[in-house]
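Observations on chain architecture
Chain by chain, the residues:
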Amino acid sequence: MIRTLVVDDDFRVSHIHCDYVSRVRGYEVVGEAASVAEALAAAHDLRPDLLLLDGFLPDGSGLDVLRRLTGDAGGARPDAIMITADRDIASVRTAMKLGAVGYLVKPFGAADLAERLTSYRELQHRVDTLGETTDTEQADVDALFSAVRPPAVPRVPAKGHSAPTLALVQQALRAARGDLSAAEAAELTGVSRATAQRYLSYLVKEGMVRLVLRYGATGRPEHRYRIAS
């Protein structure tokens, strides 16, 4: 499980973000913090793997948390995804320089956060698979650097589809490292089976996903889906 600390000065927003995180497979919320001081103390005591870090805090900013944790010689700093209403490019650049692995601008929905969290989970899986002593090829390096970026999505029709949901379904297929049924995709993404089926069919039509027929002993073949190679 990826241990996650949610940092936001608005307790209502913090609870919503905790709920969003709890819906994503492989994640658990280990604590909440509402200030720079609380975030630093919780990061030290709870040792989370990931911070969901608000930009504006009553005693400073999320960037201050990153600066303090980066300069702390007491141990490895957790990764951080900035979750903030701060849209200015200077803040974005500073977050990048301080090592944030993502930057999500408020307001956003559960699907937007789930997309980033799924990508981060995929990054951790790739790192664990390679191992710390592995000599990587360029393809491995490219995959690691691209893992936390939102995946490319096809052109979205004017009606009937949303880009975040398309990205979420596509990322679930990538993370599966194999084929999925519509029911399995629905379970992984939190959408209904009918919605997953509709988005999978659209991705097949766009050539980004391949339909695989699995034949059993009797009855109609099962439709399964995998990322097109």
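This structure is a prediction, so every number in the text was calculated from the model and none was measured.

Reading the values: the criteria
Residues numbered from 1 in each chain as written. Predicted model: local features only at pLDDT ≥ 70, side-chain atom pairs only at ≥ 80, totals over all residues. Heavy atoms only, no water. Helix = DSSP H or I, 4+ residues; strand = E, 2+ residues; numbered from the N terminus. Expected span 1.5 Å × (residues − 1). Buried < 20%, exposed > 50% of the residue type's maximum accessible area, 1.4 Å probe, protein only. Arc of directions from axis to C-beta. Contact = heavy atoms within 4.5 Å. Axes fitted to C-alpha atoms, helices over the stretch in contact; angles between N-to-C directions. Parallel < 35°, antiparallel > 145°, perpendicular 65-115°, else oblique. 1 Å grid on protein atoms, 1.4 Å probe; cavity = no way out; pocket = protein on both sides within 12 Å on 5 of 7 lines; lining within 4 Å. Points joined across faces, edges and corners; volume = space filled by probe spheres on them. Nonpolar A, V, L, I, M, F, W, Y, C, P; charged D, E, K, R; others polar. Polar contact = N/O pair within 3.5 Å; in protein donor to acceptor, adjacent residues only side chain to side chain. Salt bridge = Lys/Arg side-chain N within 4 Å of Asp/Glu carboxyl O.

1. Regarding helix 9 (residues 193-205)
Residues spaced three or four apart along an α-helix face the same direction, because each turn holds 3.6 residues. For helix 9, spanning 13 residues, the distance from its first C-alpha to its last is 18 Å, which sits close to the expected 18 Å at 1.5 Å a residue. Ala196, Tyr199, Leu200, Tyr202 and Leu203 are the residues of helix 9 that are buried. Taken end-on, helix 9 shows its buried residues confined to a sector of 160 degrees, consistent with a single buried face. Away from its buried face by more than 90 degrees, helix 9 exposes Ala194 and Lys205. Structurally, helix 9 contributes buried residues whose contacts are with helix 7 (163-176), helix 8 (182-189), strand 9 (209-214) and strand 10 (222-227). One or two positions beyond helix 9, positive phi appears at Gly207, with a value near 80 degrees.

2. Observations regarding the packing of helix 7 against helix 9
The contact between helix 7 and helix 9 brings their axes to 10 Å, and the two run at 80 degrees. Viewed along their axes, helix 7 and helix 9 adopt a mutual orientation that is roughly perpendicular. In contact with Thr165, Leu166, Val169, Gln170 and Leu173 of helix 7, helix 9 contributes Tyr199, Leu200, Tyr202 and Leu203.

3. Examining the layout of surface pockets
Its boundaries defined by the atoms lining it, the second largest pocket holds a volume of some 220 Å³. Contributing to the lining of the second largest pocket are 14 residues, with Arg23, Ala114, Leu168, Thr189 and Gly190 lying nearest its centre. Secondary structure elements with two or more residues in the lining of the second largest pocket: helix 5 (110-130), helix 7 and helix 8. The greatest single-element share of the lining of the second largest pocket, amounting to five residues, is contributed by helix 5. The residue makeup of the lining of the second largest pocket, split by class, is eight nonpolar, three polar and three charged.

4. A look at the side chain of Asp86
Looking at the secondary structure, you find Asp86 in the loop between strand 6 (79-84) and helix 4 (89-97). At 2.6 Å, the side chain of Asp86 and the side chain of Ser91 are in polar contact.

5. With respect to the pattern of salt bridges
Evaluation of the coordinates by the stated rule reveals eleven salt bridges. For Lys106, the salt bridge goes to Asp8, with nearest N and O atoms at 2.7 Å. Of this pair, Lys106 sits in the loop between strand 7 (102-105) and helix 5 while Asp8 sits in the loop between strand 1 (2-7) and helix 1 (11-22), and the two are 98 residues apart along the sequence. Exposure class is identical for Lys106 and Asp8. Each is buried. Each of Asp179, Glu184, Arg214, Glu222, Arg224 and Arg226 takes part in salt bridges that share partners, so that together they form one network.

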